[in-house]
Amino acid sequence: MVQTTFTFRVDEDLKENFARLAKSVDRSAAQLLRDHMRDLVNHQKGVEEHGAWFRKQVQIGLDLANAGNLVPSEEVEAKFSARRTETRRKLDQLS
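Criteria and cut-off values
Residues numbered from 1 in each chain as written. Predicted model: local features only at pLDDT ≥ 70, side-chain atom pairs only at ≥ 80, totals over all residues. Heavy atoms only, no water. Helix = DSSP H or I, 4+ residues; strand = E, 2+ residues; numbered from the N terminus. Rg over C-alpha atoms; globule rule 2.2 N^0.38 Å. Buried < 20%, exposed > 50% of the residue type's maximum accessible area, 1.4 Å probe, protein only. Areas by Shrake-Rupley, 256 points an atom, 1.4 Å probe, with all protein chains shown as cover. Lys, Arg positive; Asp, Glu negative; His and termini not counted. Charge placed at Lys NZ, Arg CZ, Asp CG, Glu CD. Phe/Tyr/Trp six-rings, centres within 6.5 Å; stacked < 30°, edge-to-face > 60°. Patch = residues over 30% accessible without salt bridge, like charges linked within 9 Å, V, L, I, M, F, W, Y side chains within 5 Å. Salt bridge = Lys/Arg side-chain N within 4 Å of Asp/Glu carboxyl O.

Enquirer: Quick question: what am I supposed to make of the overall build of the protein here?
Expert: On a plain count of helices and strands, the protein comes out with three helices and zero strands. Taking 95 residues into account, the globule formula puts the C-alpha radius of gyration at 12 Å, and the protein, at 26 Å, lies well above it. Seen along its three principal axes, the alpha-carbon backbone of the protein occupies a region of about 65 × 45 × 25 Å. Out of the 95 residues belonging to the protein, those deemed buried represent 3%. Only carbon and sulfur atoms are counted for the fraction: they give 57% of the accessible area of the protein, which is about 9100 Å². Counting 16 positive and 15 negative side-chain charges, the protein places the averaged centre of each group 4 Å from the other.

Enquirer: Honestly, the packing of aromatic side chains in this entry has me stumped. Any pointers?
Expert: When we look at a pair of aromatic rings, we describe it by the centre distance and by the angle of the planes. Within the structure shown, the criterion is met by one aromatic pair. Centre to centre, the rings of F6 and F8 are 5.6 Å apart; their planes meet at 80 degrees, and the pair counts as edge-to-face. For F6, a relative accessible area of 60% gives the class exposed.

Enquirer: Is there a simple way to explain a nonpolar patch on the surface in this structure?
Expert: Among the surface-exposed residues, F6, F8, V10, L14, L33 and M37 lie close enough to one another that they form a single nonpolar patch of about 580 Å² accessible area. Relative to the assigned elements, F8 resides in the segment before α1 (12–24).

Enquirer: Can you walk me through a negative patch on the surface in this structure?
Expert: A surface patch of negative charge is lined by D11, E12, D13 and E16. Relative to the helices and strands, E12 is located in helix α1. In this structure E12 comes out as partly exposed when scored by relative accessible area, which is 47%.

Enquirer: How should the pattern of salt bridges be read in this particular structure?
Expert: Using the criterion set out here, one finds four salt bridges in the structure. Note that D35 is salt-bridged to R27, the shortest N-O span being 2.3 Å. Among the residues examined, R27 registers a relative accessible area of 31% and is labelled partly exposed. As a salt-bridge pair, E77 and R84 come within 2.5 Å of each other at their nearest N and O atoms. Of the residues examined, E77 reaches a relative accessible area of 44% and is grouped as partly exposed. Judged by relative accessible area, which is 35%, R84 ranks as partly exposed. Counted as one network, the salt bridges with shared partners bring together R27, D35 and R38.

Fair warning: the whole summary comes from geometry, so function is off the table for now.
So this is what it looks like as structure tokens:
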């Protein structure tokens, strides 16, 4: 892995408080900044991957609907009404 230097300006109080915080958790300020940068990049990657997955799922649903592959609302309601009834029965058994 090629390493490079990242230089930026911060308020002196912020720098001192951050360095003190880093020391209190037995880390250097540079280690904490690298960790935070890595976490932020990984988080954003996850957000982007989820967004791509979601858009794909929506497109699949649209394609199915456009092809006439639909489930009538009455069938959906009947299925989930039965599930709600079963869940209530199980909850009543716990009481």
